[in-house]
Amino acid sequence: MQNLKSKTYNLKPSEGFTLIEIIIASAVIAIVSIITVVKVGTGNQEQALLRSAQKLALDLRRAQNLALSPLTTDNCVYGVTGKTTSSDSYILYVATSTCDSFSDRSFPNTGSYSVCNVDDGCLGRYEFEDGVVLQTGNNFDISFLPPEPISLSNGRTAGPPGSAFNPGGIETITIRLANNIAREKKVVVNKFGNIEIQ
């Protein structure tokens, strides 16, 4: 008869991973993934805010360039205004009048455009990117009087305190993220027509 002996196998603890090691590694990977997703989302919002500020500055420069070479002599001023029905858009406009008074040198409509109509002087209505809005109470109106072009704020040039331009001749347009009021960009226009983003 054959002798049956049982064999014993020794599992060496140094080979493979333990369950606890796998759980800890999975937890670390999950935490790093969550942090990365949050950072990417915040970065996308910051980029949308920066792109919106750049677009606004470019449209201000476009109005300035149109005033350098007006299409007709009837065009009084070219400008950009935030006086719209919503805080997430602005209008590029032309005023076609004689410019005899200050009221003729700014946004040609006493109301707010809900629809952009070329016959009313609206050259385009532009919306900020999703999640970007004008700062509350920031209904700006910056225009340029041909042919120099002279910079105007609400139809007036820079002047003494109490005039349309702030003292020092600087007008600031503030845009911000709708869900984070601490994140903002400023488009600054001075009385000489210099436009910069801060």
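As a reminder, the structure under discussion sits directly above these lines.
Residues numbered from 1 in each chain as written. Predicted model: local features only at pLDDT ≥ 70, side-chain atom pairs only at ≥ 80, totals over all residues. Heavy atoms only, no water.

*Asks:* In this structure, what is going on with the overall build of the protein chain? I would like to understand it.
*Replies:* Each helix and strand counted, the protein chain has one helix and nine strands in total. The N-to-C order of helical and strand elements in the protein chain reads α-β-β-β-β-β-β-β-β-β. In the protein chain, buried positions account for 34% of the 198 residues. Intrachain contacts of the protein chain at a sequence separation of at least 6 include 60% that bridge at least 24 residues. On the protein chain, roughly 12400 Å² of surface is accessible, and the fraction owed to carbon and sulfur atoms is 55%. (Helix = DSSP H or I, 4+ residues; strand = E, 2+ residues; numbered from the N terminus. Buried < 20%, exposed > 50% of the residue type's maximum accessible area, 1.4 Å probe, protein only. Contact = heavy atoms within 4.5 Å. Areas by Shrake-Rupley, 256 points an atom, 1.4 Å probe, with all protein chains shown as cover.)

*Asks:* For this particular structure, what's the right way to read the sheet that holds strand S9 (residues 195-197)?
*Replies:* The pairing of strands in a sheet comes from backbone hydrogen bonds and takes either a parallel or an antiparallel form. Pairing within the open sheet is antiparallel, and its four strands lie in the order S4-S7-S8-S9. Strands at the two margins of the open sheet, each flanked by one partner only, are strand S4 (132-134) and S9. Between one strand axis and the next, the sheet turns through 25° on average, direction left out of account. As judged from the three bridges shared by S4 and strand S7 (residues 170-177), these two strands associate in the antiparallel manner. Paired with Val 133 across the strands is Arg 176, a residue of S7. Together, S4, S7, strand S8 (180-190) and S9 form the strand contacts of helix H1 (residues 19-68), whose direction differs from that of S8 by roughly 20°. (Pairing = 2+ DSSP bridges. Axes fitted to C-alpha atoms, helices over the stretch in contact; angles between N-to-C directions.)

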